[in-house]
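Summary of structural features
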Amino acid sequence: MTSPLGPDPGPETEAFWTAAGEGRLVVQRCAGCGTHRFPPRPVCGPCGRAEFEWSEVSGSGRVVSWTVTHQLYHPDLTGAVPYVLLLVELAEQPGLLMYGNTAVPPARLRDRLPVHAVFRPHPDGWTRVDWDASGNTG
């Protein structure tokens, strides 16, 4: 049985999930103005063009915000709460935000903490993009 918490890749997100499974982080990049965007969407906000390419990014960023979730929202999360969800600004572009889980204890989190993407394979065959701060001191 697959987890209802896993991705349901469609035409707009399939490339993201495929790359994650290969240990790579990709985002859309507008073919017109070059703006990176996440989450994937059909049209560029700044210029309105629909043409884009998938661009591999470094997976490095800084924490913008976080929340600690104590509520069990789904039975598949039994044993996982509390968990920390981060909002990360990627290094490639100001305002390019991505979210994800982290094992960094809340007491270690701070604004602008450097983090990097880590890829966690799920038993159902997909790969989750999480964030880690190991090795980062500044």
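See the structure above.
An account of the accompanying structure is given in this report. (Residues numbered from 1 in each chain as written. Predicted model: local features only at pLDDT ≥ 70, side-chain atom pairs only at ≥ 80, totals over all residues. Heavy atoms only, no water.)

1. Overview of the overall build of the protein
- Regarding its fold elements, the protein presents 1 helix and 8 strands.
- Overall, the protein shows an N-to-C arrangement of helices and strands of α-β-β-β-β-β-β-β-β.
- Considered along the principal axes of its C-alpha atoms, the protein spans approximately 45 × 40 × 25 Å.
- Within the protein, the proportion of its 138 residues that are buried is 33%. (Helix = DSSP H or I, 4+ residues; strand = E, 2+ residues; numbered from the N terminus. Buried < 20%, exposed > 50% of the residue type's maximum accessible area, 1.4 Å probe, protein only.)

2. Topic: the packing of aromatic side chains
- If you walk through the whole model with that rule in mind, you get 5 aromatic pairs.
- Relative to Y99, the ring of F38 lies with its centre 5.7 Å away and its plane at 55°, an arrangement referred to as tilted. Of this pair, F38 sits in the loop between strand 2 (36-37) and strand 3 (52-57) while Y99 is found in strand 6 (residues 97-102), placing the two residues 61 residues apart along the sequence.
- Given the relative accessible area of 47%, Y99 is considered partly exposed.
- Their ring planes at 85° and their centres at 5.8 Å tell us that F52 and W54 sit as a pair that is edge-to-face.
- Overall, the relative accessible area of 31% leaves F52 in the partly exposed class.
- Judged by relative accessible area, W54 falls into the partly exposed class, the value being 27%.
- Clustering of aromatic rings is evident, with ring pairs tying together F16, W17, F38, Y99 and W126. (Phe/Tyr/Trp six-rings, centres within 6.5 Å; stacked < 30°, edge-to-face > 60°.)

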